[in-house]
Amino acid sequence: MVPGSMDLLVRGGTVVTCDEHDRVFEGDVLVRDGVIVALGPDAAASAKKPHRVLDAVGCAVIPGFVQAHVHLVQVLFRGMADDLPLLAWLKERIWPLEAAHDEASLRASAELGLLELLRHGTTTILDMGTTHGHEVVLDAIDRFGLRARSGKAMMDLGEGVPARLRERTEDSLREVEAHARAFAAHPRVRVAVSPRFILSCSERLIREGALLAREHRMLVHTHAAEHAAERTAVRELLGDDDITLLARWGATGPNTVLAHGVQLDPREMNALADAGTRVAHCPSANLKLGSGIAQVHAMRRAGVVVGLGADGAPCNNNLDALTELRHAALLSKARAGTDTLPAREALRLATIDGARVLGMEREIGSLETGKRGDLVCIDLGGVHAEPGGDAVSRVVYACRASDVRHVVLDGAVRVRSGEVLDLDADEILATARVEARKTRARAGI
Ligand SMILES: [Zn+2]
């Protein structure tokens, strides 16, 4: 996806910058060679002629959404794993389905997920795959043009793990290293070291994975402190909590992203804040698996950098950043008080704070000159979002995925007036339906 050679003027919207002053103004955004070069009422005057124009009248123009925890390989399993708690959900549905994946189904799952994400305004993801075939997922991410940190799931032990998903420790590490080398110079994609969770990983896998991440400047991405029953199982098996053990084994610090953190106590929040360890909040998944409500307000007050993610399609069941935003904001009010996580702060979770979670805040996450041209125009004109009021409030509390009108990624218009321009959505959907049926049959579910 080469950014257009002509300047792109995103004209006439309400620009929500998510910059350090949270500036919101009526005006334009000018993108040149994939980079934001001007914003404001005078941006049009800086545009070289001829230039492309994207009509944003009636829209909020916001940074592209950053989702700090998703699973592209699980998109095919949507509607196949409902109404189960975490460990049963994994053992009875997700692991057998992942074990049944072949190259064609992995490709179909990743492509449908990427299509859904892009169509609804997500331009950057942190993604965890399954143990095998991750080259297919990385290839799909590359072809679809999203920005991503993505890694195969690493699993070298664990009760209930199907044989197909269980790896030799050494093989898992070497495979991740090979992926890391293959994507070391990619303009948008990097590999992330992704031990699935502490119940499916040996101490050696996590220790050496963390070292590998440091050596190749990668993120470590894992699940932690998600469900109470999981926490009990971790204590029984390992004699301590996963937060403490992960830190002891080297999975700690600003390059480490922990998905969930629902069960964190104040001492653990302080430890994560002191180390700079990041957390990805996944409110829909936490609700659907009955894991609880993460203490986002307390985490942020302690100094933890928190992003937002949809997690997997079978525990959500969408990959829609706007749904996660609304859930995050509403749940915070129930958990910590009505005045917590107001709309502007909630939006930051899915933009600039998400970028900080991924260590990408100098490139993306806000609309400022010098940042990459990733932005979303959200139509505020739906009957469910009118007749006025604060634009950010309308985005967070009222708008829906279908309100995403345009998506610009790296300066290229990828979605215009609700249509994904350069992907065959019908073909992707048709293939995904076939592969979902076949995968389910192979899994015997
Ligand atoms: Zn997950």
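Residues numbered from 1 in each chain as written. Predicted model: local features only at pLDDT ≥ 70, side-chain atom pairs only at ≥ 80, totals over all residues. Heavy atoms only, no water.

Re the pairing of strand S1 (residues 8–16)
The buried count for S1 comes to seven of nine residues, which makes it a mostly enclosed element. Here S1 runs beside strand S4 (residues 52–55); their pairing, made up of four bridges, is parallel. Paired with Arg11 across the strands is Asp55, a residue of S4. For S1 and strand S2 (residues 24–32), the ladder comprises seven bridges, and the chain directions are antiparallel. Looking across to S2, one finds that Val10 is bridged to Val29. (Buried < 20%, exposed > 50% of the residue type's maximum accessible area, 1.4 Å probe, protein only. Helix = DSSP H or I, 4+ residues; strand = E, 2+ residues; numbered from the N terminus. Pairing = 2+ DSSP bridges.)

Let's talk about the layout of surface pockets
In this model, the largest pocket occupies a volume close to 600 Å³. As for the largest pocket, its lining consists of 23 residues, and the residues nearest its centre are Arg149, Arg217, Leu219, Leu358 and Gly359. Sorting the residues of the lining of the largest pocket by element identifies strand S10 (189–191), helix H5 (203–215) and helix H13 (352–357) as the ones contributing at least two each. By residue number, the principal contributor to the lining of the largest pocket is S10, which donates three residues. Of the residues in the lining of the largest pocket, the class split is ten nonpolar, three polar and ten charged. (1 Å grid on protein atoms, 1.4 Å probe; cavity = no way out; pocket = protein on both sides within 12 Å on 5 of 7 lines; lining within 4 Å. Points joined across faces, edges and corners; volume = space filled by probe spheres on them. Nonpolar A, V, L, I, M, F, W, Y, C, P; charged D, E, K, R; others polar.)

Comments concerning helix H15 (residues 425–443)
Relative to the 27 Å expected for 19 residues at 1.5 Å per residue, H15 spans 26 Å between its end C-alpha atoms, a close match to the ideal helical length. Residues of H15 that are buried include every one of Ile428, Ala432, Glu435, Ala436 and Thr439, and no others. Down the axis of H15, the buried set is contained in an arc of 120 degrees. They therefore lie on one face. Opposite the packed face of H15, turned more than 90 degrees from it, sit the exposed residues Asp426, Glu427, Arg433, Arg437 and Ala441. (Expected span 1.5 Å × (residues − 1). Arc of directions from axis to C-beta.)

A short note on the coordination of the zinc ion
With distances of 2.1 to 2.2 Å, the protein atoms coordinating the zinc ion are His69 (NE2), His71 (NE2), His223 (NE2) and Asp311 (OD). Every donor counted, the four donor atoms about the zinc ion form angles of 89 to 172 degrees at the centre, which fits irregular coordination. Sequence spacing of the donors to the zinc ion: H-x1-H-x151-H-x87-D. Here the residue His71 occupies a position in the loop between strand S6 (65–70) and helix H1 (86–99), and His223 occupies one in strand S12 (residues 220–224), the gap between them amounting to 152 residues. You can call His71 buried: its relative accessible area is 2%. (Donors = N, O, S within 2.8 Å, 3.2 Å for Na, K, Ca; no water. Tetrahedral: all angles 85-135°; square planar, octahedral: opposite > 155°, others 65-115°.)

Focus: the sheet that holds strand S13 (residues 256–260)
Pairing between the strands of a sheet is mediated by backbone hydrogen bonds and can be parallel or antiparallel. Spatially, four strands are ordered S12-S13-S14-S15 in an open sheet, and the strand pairing comes out parallel. Edge positions in the open sheet fall to S12 and strand S15 (306–308), since each of these has one partner strand only. Across the sheet, the mean angle separating the axes of adjacent strands is 30 degrees when strand polarity is ignored. Relative to S15, strand S14 (residues 278–281) runs parallel, the two being bridged by three bridges. (Axes fitted to C-alpha atoms, helices over the stretch in contact; angles between N-to-C directions.)

Topic: the sheet that holds strand S7 (residues 122–128)
With parallel pairing, four strands are arranged side by side in an open sheet as S6-S7-S8-S10. The open sheet is flanked by S6 and S10, the only strands paired with a single partner. Strand-to-strand twist in this sheet, taken as the mean axis angle between neighbours without regard to direction, amounts to 15 degrees. Sheet analysis places S6 next to S7, joined by four bridges and oriented parallel. When the bridges of S7 are listed, Phe65 appears paired with Thr122. The strands that helix H3 (residues 134–144) touches are S7, strand S8 (147–151) and S10; relative to S8, the one it contacts most, it runs at about 175 degrees. (Contact = heavy atoms within 4.5 Å.)

Some points on H5
Over its 13 residues, H5 extends 18 Å from the first C-alpha to the last, a length consistent with the 18 Å expected when each residue adds 1.5 Å. Along H5, the residues that are buried comprise Leu205, Ile206, Gly209, Ala210, Leu212 and Ala213. Taken down its axis, H5 places every buried residue within 160 degrees of arc, on the same side. Away from its buried face, by an angle of more than 90 degrees, H5 presents the exposed residues Leu211 and Glu215. On the buried face of H5, the contacting elements are strand S9 (153–154), helix H4 (169–182), strand S11 (194–195), S12 and helix H7 (242–248). Phi for Arg217, located one or two positions after H5, is positive at around 55 degrees.

Concerning the nonpolar core
Phe65, Trp89, Leu325, Leu347 and Ile378 are the most contacted members of the largest nonpolar core, which totals 119 residues. Of all the elements, H1 adds the most residues to this core, at nine residues. Beyond its immediate stretch of four places on either side in the chain, Leu325 contacts Phe65, Leu308, Ala346, Leu347, Ala350 and Val396. Within the second largest apolar cluster, 16 residues are counted, among which are Val29, Ile36, Leu54 and Leu375. (Core = buried A, V, L, I, M, F, W, Y, C linked by side-chain atoms within 4.5 Å.)

Geometry only, nothing functional implied.
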